Every structure is written in C-alpha cells, then in structure tokens.
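Structural description and commentary
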Amino acid sequence: MTDLVRLSNQNTVDEVVEIIERDGGVIVENYLSPEIIEELKADLLPKIAQNSPGGDDFSGFKTRRMSALFAKSRRMVEVVTHPLFLGAADRLINVPVKYWSGEREIGLKPGIRIGATQLIQIAPGETPQNLHRDHWAVLWRTPQYERHVRLQIMLAVSDFTAENGGTLVIPGSHTWPDTRVPKMDEAISTVMKAGSALLFIGSTYHGGGLNKTNGEYRTGLTVAIDAATVRQEENMYLALSPEVVKSYPVEIQRLLGWSYTDETHMGWVEIDGEMADPLRLLA
Ligand SMILES: O=C(O)CCC(=O)C(=O)O
Ligand SMILES: [Fe+2]
C-alpha cells in the first residue's frame, strides 16, 4: 500500500470504521477548523516551549512532549468529541464481551475512556522513532486479535510532511502476528495539513518520523481512547484536579474517568455506604 486513505468531515462513522478495520488507520482532512487550531496553538505552544526534550531514544532527544492537556486548553473538547473520532471509538472499542450470569448470556460493553493526552513536538535533527504499537500500554490481558482496546488520534497542529517527521505508519500492520518485525522500509509518512488528523487503531505499527528540515518544528496532538476496563496510561486523577474536571461537560468528565456504570461496575466510590458514581463527588 502506498498511502493512507483520505476522508473528510462529510464522511460517515461507518466509512471511517471500514477503512480503519481494513488499513489500520485513516486520515480525516480538515478534522478541525483553522480557528480551533489557532486556539490550540495559543494555549499549548508557549507551554511546551518550557519543557525539556526527552532523555531517551524512544521519547526522542530532540522531541518535546507535554501531557495533562485538559488542564491546558479548553479546545481539547473539540479534539475529543468530534463525532468521527468518538463514533469510531464507540464502534471499534466499545464492543460487548459475552459472559454467563448463571445460564443467562450477557453482552457487556466495556465503555470508553481517555487513556492519554500528549502534544509531541519533533524538532529538526530528530531521528526516526522505533516503530511500535501504542496499545502495548494497555494490552496486558487482551489477546491481540480478540478485540481492539485503543483508538488513537494524531491531530496535525502544524503541517505534517515527509521531511519534518510526519508520523510513520505501516498500513495493514494492525493484523500482523506478534512474531512479525516492523521494518522501516514498510512505513510511509503521514502527510497532512494542520487541522487534519490521523486516526489509527492501537495495533498499527507507527512512530515519529525523522525531521530533516532546517528549522521546522512538527507538532502533533495525540489522544488515546481506550476501553474503560483497562488502566489509563496517563493518570488523569492526578494530572487533572477535581476543579479542572468539574469545569468540563459531563461527557468529558466521564471520558476522563469520573464514571461508573452499574453494568461493568468499574470505577465506583463509596458514598453513604453505597457503591456510587464518582461524579457525585464533583457535584
Ligand atoms: O510523534 C509521532 O508522530 C508519533 C509518536 C509516537 O508514536 C509515540 O511517542 O508513541
Ligand atoms: Fe506511538
């Protein structure tokens, strides 16, 4: 395969899901408006400039990273609640698990949650990152091909080019067995304008690209949406104060982990002697 399929905001969740299931990833062009991208930049770029580059090969010696993004920009709401991202996450991740309760078969949906948020800024001179699967962080007890546990976005905050480190992706690698080694010459660069986004499933091999430009920074914003039954990679309960969480709509509060369903029983707190929804602590 030579390139990832490009869709637009006019396409449907069905179309996004179909391509992701086939290729492991898809580009949605003009995912967010230029106005929202400008606001994200105004909120986040001055802050990431204060962070030091990474200290190892994987994090990148010339790559700056910044997390806890919901504490830093209100525009994270638009990044996460885009109907194509949340809709595809619901379809791909929130798939019922079957189990028996006595002789009754129950289909239980895990729910979805934000597992991590990160702004990644690759500076000139950065070398390519090792190709990897991001769902390593959350996969521990889930056989690779039984179900998907993560849908991820890489939103282009700057333009992404083959020269400035546009994310390397191996289309189709989401179905590879664990024994197959990802090779650099199988990867293609994600080329997209600021405001467009790459959506990819957690088992797709990818990595940050080589930045061979002279002075051009490549900035991408990534968010993982995971099954709500796995531990969040980023510890949202410590990253975001209750006051910050409270300032967002309930949908975001739940996606950040302040949620409980009496279906899965994941995430309750005891209030007045009962297993209760943690949202009651925010109220
Ligand atoms: O910055 C990128 O394009 C990808 C980075 C990445 O995959 C990671 O750090 O896990
Ligand atoms: Fe990654």
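A few points on the structure. The structure displayed is predicted, hence computed values, not measured ones.

Next up on the list: the site of ligand 1. In the vicinity of ligand 1, the contacting residues are I120, I122, Q129, D134, M154, T167, H206, G207, G208 and G220. Mapped by element, the contributors of at least two residues to the shell around ligand 1 are strand 6 (112-122) and strand 11 (206-207). Of the residues assigned to the shell around ligand 1, the class counts are 3 nonpolar, 6 polar and 1 charged.

What follows concerns helix 1 (residues 13-23). Within helix 1, burial applies to V16, V17, I19, I20 and D23. Seen from one end, helix 1 has its buried residues packed into an arc of 165°, which puts them on one side. Each element contacted by the buried residues of helix 1 is listed here: strand 1 (6-8), strand 2 (25-29), helix 4 (83-93) and strand 10 (197-201).

The next point concerns unusual backbone geometry. If you check the backbone angles, A68 has positive phi at about 50° while not being a glycine. With respect to the helices and strands, the residue A68 is situated in the loop between strand 3 (63-66) and helix 3 (76-81). Of note in the backbone geometry, D272 takes a positive phi value of approximately 50° without being a glycine.

What follows is about the sheet that holds strand 9 (residues 188-189). One open sheet accounts for 3 strands, arranged 9-8-11; its pairing is antiparallel. Pairing within the sheet leaves two strands with one partner each, and these edge strands are strand 9 and strand 11. Where strand 8 (residues 168-169) lies against strand 11, 2 bridges are found, and the strand directions are antiparallel. Opposite L168, over in strand 11, you have G207 as the bridge partner.

Moving on to the sheet that holds strand 7 (residues 150-156). Spatially, 7 strands are ordered 1-2-10-7-12-6-3 in an open sheet, and the strand pairing comes out mixed. Two strands lie at the open edges of the sheet, namely strand 1 and strand 3, each paired on one side alone. Within the sheet, the average angular offset between the axes of one strand and its neighbour, ignoring direction, is 25°. With 4 bridges joining them, strand 2 and strand 10 adopt antiparallel strand pairing. Along strand 10, the bridge assignment pairs I27 with L198. Against the sheet, helix 1 touches strand 1, strand 2 and strand 10, its axis set at about 145° to strand 2. Sitting on the sheet, helix 2 (residues 34-48) touches strand 3, strand 6 and strand 12 (218-227), and the angle it makes with strand 3 is about 115°.

In this section: the environment of P96. Looking at where P96 falls in the secondary structure, it is placed in the loop between helix 4 and strand 4 (97-101). Separated by 50 residues in the primary sequence, P96 and E146 place their C-alpha atoms 12 Å from one another. Apart from the residues within four sequence positions on either side, P96 is in contact with G107, L108 and K109.

Okay, the environment of D134 next. Secondary-structure assignment places D134 in the loop between strand 6 and strand 7. Judged by C-beta crowding, with 23 C-beta atoms within 10 Å, D134 ranks as buried. Not counting residues up to four positions away in its chain, the partners in contact with D134 are R150, Q152, G202 and A224.

For the pair helix 1 and helix 4, the least separation of the axes is 9 Å and the interaxial angle reads 60°. On the basis of their axis angle, the class for helix 1 and helix 4 is oblique. Crossing geometry of helix 1 relative to helix 4 is assigned as right-handed. Facing helix 1, whose interface residues are V13, V16, V17 and I20, helix 4 presents P83, L84, G87, A88, R91 and L92. Among the residues making up the contact of helix 1 with helix 4, the classes are represented as 8 nonpolar, 1 polar and 1 charged.

The rules behind each value
Residues numbered from 1 in each chain as written. Chains lettered and ligands numbered in written order. Predicted model: local features only at pLDDT ≥ 70, side-chain atom pairs only at ≥ 80, totals over all residues. Near = placed C-beta within 6 Å. Helix = DSSP H or I, 4+ residues; strand = E, 2+ residues; numbered from the N terminus. Nonpolar A, V, L, I, M, F, W, Y, C, P; charged D, E, K, R; others polar. Buried ≥ 20, exposed ≤ 12 C-beta atoms within 10 Å, placed from the backbone. Arc of directions from axis to C-beta. Contact = placed C-beta atoms within 7 Å. Pairing = 2+ DSSP bridges. Axes fitted to C-alpha atoms, helices over the stretch in contact; angles between N-to-C directions. Parallel < 35°, antiparallel > 145°, perpendicular 65-115°, else oblique. Left-handed = near helix turned anticlockwise from the far one by under 90°.

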